[in-house]
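# Close look at the chain arrangement
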Amino acid sequence: MPDREPHLLILGGTAEAAALAAATPQRFGGRIAVTTSLAGRTRAPLAVAGTMRVGGFGGVEGLATWLETARVDMVVDATHPFAARISANARQACTVAAVPRLILARRPWIAGPDDNWRGVADLDSAAAILPELGKRVFLSVGSQGVYAFTRLGGVHFVVRMIDPPVEALPLDDYMVVLGRGPFDEASELRLFEDARIDALVSRNSGGTATIAKITVARRLGLPVVMVAPPPLEPGLRVDALEGALQWIGDQI
Ligand code: NAP
């Protein structure tokens, strides 16, 4: 390691990334400089401990250059499991810049005996089977994900977003509810009951922050169209904060 403070870049945008940014100085004191990078998708991102930078890097080349210019010594990719491009870019850029990289990734949810899931590979497949499953659907697929449901008539969608949409959503019949996780079971139940939800479409994002909607669907006996996450990037991986802290400790 260099004779300056080692520099950790956390690729963020998730609760896990924010937790790691907070836990790293607690564990290592001032022995490490931490920067968290956000894409800039939400208008008012929550504060994170340490330094925050916002906005794309400009692909693999841009990220590799950034790693070198900012003298980054290690990268933890703690991005959302469905944010596939930045994870692929991180793998390639870290190879180019010879910077060690760890993936901090949640484990996907697993259906239990009381769950009524229809597993699908992607959003188009979810849209294809949805009309036979429900007419009042909680659509939890991210703001870009709604485009796959554009041509579905006869379905009322409830779409949750962090920021109000800047333009009308490309859906025939919908209602937007605003909210930022984590969500608890009581408020999810209220939402499902008030909106008379009869089916849920969810990406299998794993983790605890958004699992309450899955629990509520199980409780109400509702079908869930569960979209599988994209393939994992190769590389060293942990699924909990402690594993990431140990890896950081090994690097400094
Ligand atoms: P994506 O498709 O993998 O990334 C698209 C582009 O956004 C990347 O090529 C990169 O631009 C930029 N980018 C993404 N994450 C970045 C980061 N942490 N720092 C700097 N630039 C970043 O990602 P996405 O699905 O649009 O998600 C964007 C961010 O939101 C991710 O950081 C993710 O952790 C967070 N998030 C996503 C979801 C989701 O549903 N996808 C949910 C919760 C949070 P350049 O190529 O120009 O570098």
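Residues numbered from 1 in each chain as written. Predicted model: local features only at pLDDT ≥ 70, side-chain atom pairs only at ≥ 80, totals over all residues. Heavy atoms only, no water.

### What about the pairing of strand 7 (residues 136–140)?
To keep things clear, this is the line we draw: Buried residues are those whose accessible area, probed at 1.4 Å on protein chains only, stays under 20% of the maximum for their type, while exposed residues exceed 50% and partly exposed ones sit between those limits. To qualify as a helix, a DSSP run of H or I must reach at least 4 residues; to qualify as a strand, a run of E must reach at least 2; elements of each kind are numbered from the N terminus. Should DSSP find at least two bridges between two strands, the strands are taken to pair.
Among the five residues that make up strand 7, four are buried, leaving the element largely enclosed by the rest of the structure. Of the pairings in the sheet, the one linking strand 7 to strand 10 (residues 199–203) comprises four bridges and is parallel in character. Looking at strand 10, one finds that Ser-140 is bridged to Ser-202.

### Brief notes about the environment of Ala-44
By the secondary structure assignment, Ala-44 is in the loop between strand 2 (33–38) and strand 3 (51–54). Separated by 42 residues in the primary sequence, Ala-44 and Ile-86 place their C-alpha atoms 21 Å from one another.

### A word on the site of the ligand
The cut-off we apply is this: Summary of the distance rule: residues count as near a molecule or strand when at least one heavy atom falls within 4 Å of that molecule or strand. Two N or O atoms form a polar contact when they lie within 3.5 Å of each other; inside protein one atom must be a possible hydrogen donor and the other a possible acceptor, and for residues adjacent in sequence the pair counts only when both atoms belong to side chains. Values of accessible area rely on a 1.4 Å probe in the Shrake-Rupley scheme; residue burial ignores everything except the protein chains shown. Residue polarity is assigned by list, with Asp, Glu, Lys and Arg as charged and Ala, Val, Leu, Ile, Met, Phe, Trp, Tyr, Cys and Pro as nonpolar; anything else, Gly included, falls into the polar class.
Around the ligand lies a shell of 21 residues, among which Gly-12, Ser-37, Phe-57, Gly-58 and Arg-203 are the nearest. Between the ligand and the protein, one listed contact pairs an oxygen atom with a backbone N or O atom of Ala-84 at 3.4 Å. Within the side chain of Asn-89, a nitrogen or oxygen atom sits 3.4 Å from an oxygen atom of the ligand. Contact with the protein chains covers 79% of the free accessible surface of the ligand, which is 800 Å². Considering each element in turn, the shell around the ligand owes the most residues, four residues, to helix 3 (residues 84–97). Among the residues forming the shell around the ligand, the class breakdown is six nonpolar, 11 polar and four charged.

### Digging into unusual backbone geometry
The phi torsion of most residues other than glycine is negative, and most of the peptide bonds are trans. Gly-181 connects to Pro-182 through a cis peptide bond whose omega is 5 degrees. Examined against the element boundaries, Pro-182 turns out to sit in the loop between strand 9 (174–178) and helix 5 (185–194). Positive phi, close to 50 degrees, is recorded for Arg-71, a residue that is not glycine. Tracing the backbone through its elements, the reader meets Arg-71 in the loop between helix 2 (59–69) and strand 4 (74–77). With a phi close to 50 degrees, Arg-196 is a non-glycine residue in the positive phi region. Looking at the element boundaries, Arg-196 is found in the loop between helix 5 and strand 10.

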